[in-house]
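# Notes for the structure review
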Amino acid sequence: MRWPDHAIWWHVYPLGFVGAEREAAAAPEPRLGRITGWLDHLVGLGCNGLALGPVFASETHGYDTVDHYRVDPRLGGEDDLRRLIDEASGRGVRVLLDGVFNHVGRGFVPFADVAAKGDASAYRKWFHADLRTFEGHDRLVTLNHAEPEVADYVTDVMTHWLERGIDGWRLDAAYAVPPDFWRTVTDRVRARFPDAWLVGEVIHGDYAGVVKQAGFDSVTQYELWKAIWSSLNDRNFFELAHALDRHNGMLATFAPQTFIGNHDVTRIATRLTERRDLAHALVILMTVGGVPSIYAGDEFAFEGVKEDREGGDDAIRPPFPARPGEVPGHGGVHHRLHQDLIGVRRRHPWLVRARSTAATLTNTAFSYTVESGPERLGVVLNAGEEPAKVSLPDAGWTCVAGDAAFSRDGAVVPPSGWAIAEP
């Protein structure tokens, strides 16, 4: 197994986490140390990866990058980032950076040159003839990925930071970039850093095809994310079972990056209609195949709605206190549940490639096994208000987490209950 197969990420949106100003600042403010102060929390949770949102100089929210070689002054300088990387490495924690290479902010030096000089600019071919923007965002100018110099630039940025100790890249809006562009870049990056983990942001479509064509290790598994909360809200485990069948197909070629929360979606504690279903969602995330991530704050059941407006991300990207112990919910039931379920995952590292097989499937009750080679676990879920009797393959099942009365070929699960068992 490669190191990414053992990774469980703790995902942080840095500008929000440290309480940075909304607009770019000129004077550096070394705030990245605030994240360093949470590394022990990350490890105590059971994670071993720090997935950082944008850290490069930008105009506002980080996804309007103006300089990929410079740390955003609102976070500090390069020394502050390298110190965070070193502190993480000293704890055995891998670091992932967020690369925004589909589009740039209007202050990006090559675009500013085009804006000033027009066709006379040496960077004119870096952008489309119509200077198109990304998904209607006027401040986000799309790069021309047919231009070889753009591929050279992106390759150089990625290798620049890999040389400085990071372990991989999340590639923002990867779905909007031609796969052959990515293949040009990823092949060159891997020639120098074969162990780097490259995950593309892909919302829907042929995930396995994108991975193969683009040369990614993984993509974001939005299909499963949606099926988890939607099946629980609708009391329709059939949707989840269908998504897991598709998920099995992906696992034949790659391990998807799985999640129930990230910096772009409404918090899972808000998305779910019933708060008691938070445990079910986390059980699913931690027992199915893939490379899981926890969005910082979800372990405390943070709430927040993403809205389609200016500042609509603020509620899901809040500032954090300097010390974990100052957060409401620290050491509470949901925090401890994360530790327990991540612990189960840690004791069964083969889950990264495990396929799931449904045993009992109704609207409100679902039991399944997850298997990889000779290894196997049984998972039972009851979203109903009455006890549910579910089946499992014949084995001497022993409960290792949760609460259910197991027999040789199934279990009785309490109302709103769940459990994980070993044969």
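Everything numeric in this text was worked out from a predicted model, so none of it was measured.

## Description of the overall build of the protein
- Secondary structure summary: the protein contains 13 helices and 21 strands in total.
- For the protein, the proportion of its 423 residues judged to be buried stands at 59%.
- Considering only intrachain contacts with a sequence separation of at least 6, the fraction spanning at least 24 residues in the protein is 68%.
- Total accessible area computed for the protein in this model is approximately 16400 Å², and 50% of it derives from carbon and sulfur atoms.
- Separation of charge centres in the protein, based on 43 positive and 58 negative side chains, amounts to 2 Å.

## Observations regarding the environment of Pro-321
- Mapped onto the secondary structure, Pro-321 falls in the loop between strand 13 (291-295) and helix 13 (333-347).
- With 51 residues separating them in the primary sequence, Pro-321 and Thr-270 have C-alpha atoms 21 Å apart.
- Beyond its immediate stretch of four places on either side in the chain, Pro-321 contacts Arg-34, Trp-38, Glu-326 and Val-327.

## Points about unusual backbone geometry
- The phi dihedral of Glu-135 falls on the positive side, at around 50 degrees, and the residue is not glycine.
- For Glu-135, the location among the structural elements is in the loop between strand 7 (133-134) and strand 8 (137-142).
- A positive phi angle, near 50 degrees, is found at Arg-235, a position not held by glycine.
- Relative to the helices and strands, Arg-235 is located in the loop between helix 9 (222-233) and helix 10 (237-251).

## Here's the deal with the packing of helix 9 against helix 10
- Two elements in contact, helix 9 and helix 10, have axes separated by 8 Å at closest approach and are oriented at 165 degrees. By the criterion of interaxial angle, the relationship of helix 9 to helix 10 is roughly antiparallel. For helix 9 against helix 10, the interelement crossing comes out left-handed. Along the contact surface, helix 9 presents Glu-223, Leu-224, Lys-226, Ala-227, Ile-228, Ser-230, Ser-231 and Leu-232, while helix 10 presents Phe-237, Glu-239, Leu-240, Ala-243, Leu-244, Arg-246, His-247 and Met-250.

## Details of the domain arrangement of the protein
- For the protein, the assigned domains read domain 1 (3-353) and domain 2 (358-422).
- Look at where the C-alpha atoms of domain 1 and domain 2 centre, and you get two points 33 Å apart.
- Counting residues at the interface gives 21 residues for domain 1, matched by 24 residues for domain 2.
- When the area that domain 1 buries against domain 2 is broken down by residue, the three leading residues are Phe-237, His-280 and Trp-350, summing to 32%.
- At the surface where domain 1 touches domain 2, the tally comes to 1 salt bridge.
- The partner of Arg-276 in a salt bridge is Glu-385, with the nearest N and O atoms 3.7 Å apart.
- Applying the counting rule to domain 1 against domain 2 returns 8 residue pairs in polar contact (both at pLDDT 80 or more).
- Among the elements of the structure, helix 10, helix 12 (277-287) and helix 13 are those that each provide at least two residues to the side of domain 1 that touches domain 2.

## Concerning the sheet that holds strand 6 (residues 103-105)
- Spatial ordering of the open sheet is given by 6-8-7, a layout of 3 strands whose pairing is antiparallel. With one partner strand each, in any of the chains shown, strand 6 and strand 7 form the two edges of the open sheet.
- The sheet contact formed by strand 7 and strand 8 spans 2 bridges and is antiparallel. Of the residues in strand 8, the one forming a bridge with Phe-134 is His-137.

## Things to note about the pairing of strand 9 (residues 168-171)
- In strand 9, alternate side chains face the same way, and those of Gly-168 and Arg-170 on one face and Trp-169 and Leu-171 on the other are all buried.
- Judged from the 4 bridges that link them, strand 5 (residues 94-99) and strand 9 form a sheet pairing that is parallel. By the bridge assignment, Gly-99 is partnered in strand 9 with Leu-171.
- Pairing of strand 9 with strand 10 (residues 197-200), which is carried by 4 bridges, proceeds in the parallel orientation. Residue Leu-171 lies in a different strand from strand 10, and its bridge partner there is Gly-200.
- Handedness of the crossover is the feature at issue here: the chain leaves strand 9, passes through helix 7 (residues 179-192), returns alongside strand 10, and the resulting connection is right-handed.

Calculation rules
- Chains are numbered independently. Their residues run from 1 in the order of the written sequence.
- Reporting of local features is limited, given that this is a predicted model, to residues whose pLDDT is at least 70; pairs of side-chain atoms are given and counted only at 80 or more, and all residues count toward the totals for whole chains, interfaces and linings.
- Note that water and hydrogens are dropped before the side-chain values are worked out from all heavy atoms of the structure.
- Put simply, DSSP marks the helices as runs of H or I at least four residues long and the strands as runs of E at least two long, and each gets a number from the N terminus on.
- Burial classes follow relative accessibility: with a 1.4 Å probe on protein chains only, a residue under 20% of its type's maximum area counts as buried, one over 50% as exposed, and anything between as partly exposed.
- Any two residues whose heavy atoms approach within 4.5 Å at even a single point are treated as in contact.
- Using a 1.4 Å probe, accessible areas were evaluated by the Shrake-Rupley method; residue-level cover was limited to the displayed protein chains.
- By the counting scheme adopted, Arg and Lys are positive, Glu and Asp are negative, and His together with the chain ends is not counted.
- Charge positions come from single atoms, namely NZ of Lys, CZ of Arg, CG of Asp or CD of Glu.
- An axis is simply a line fitted to the C-alpha atoms; with a helix, the fit covers only the stretch in contact. Between two such axes, the angle follows the N-to-C directions and lies from 0 to 180 degrees.
- Oblique is the label for any angle not under 35 degrees, not over 145, and not in the 65 to 115 range, which are roughly parallel, roughly antiparallel and roughly perpendicular in turn.
- Working rule for handedness: look at the near helix, and if it is turned counterclockwise from the far one by less than a right angle, call the crossing left-handed; if clockwise, right-handed.
- For every domain, the bounds stem from an assignment made automatically or drawn from a database.
- The term buried area denotes the loss of accessible surface (1.4 Å probe radius) that occurs when two parts are joined, taken as the sum for both partners.
- Counted as salt bridges are all cases of a side-chain nitrogen of Lys or Arg within 4 Å of a carboxyl oxygen of Asp or Glu.
- Polar contact is the term for a pair of N or O atoms within 3.5 Å; when the atoms are in protein, one must be able to donate a hydrogen and the other to accept it, and sequence-neighboring residues count only if both atoms are side-chain atoms.
- Here the rule is simple: two strands pair whenever DSSP picks up at least two bridges between them.
- Handedness of a crossover is defined as follows: with both strands directed away from the viewer, a clockwise route from the first strand across the helix to the second makes it right-handed.

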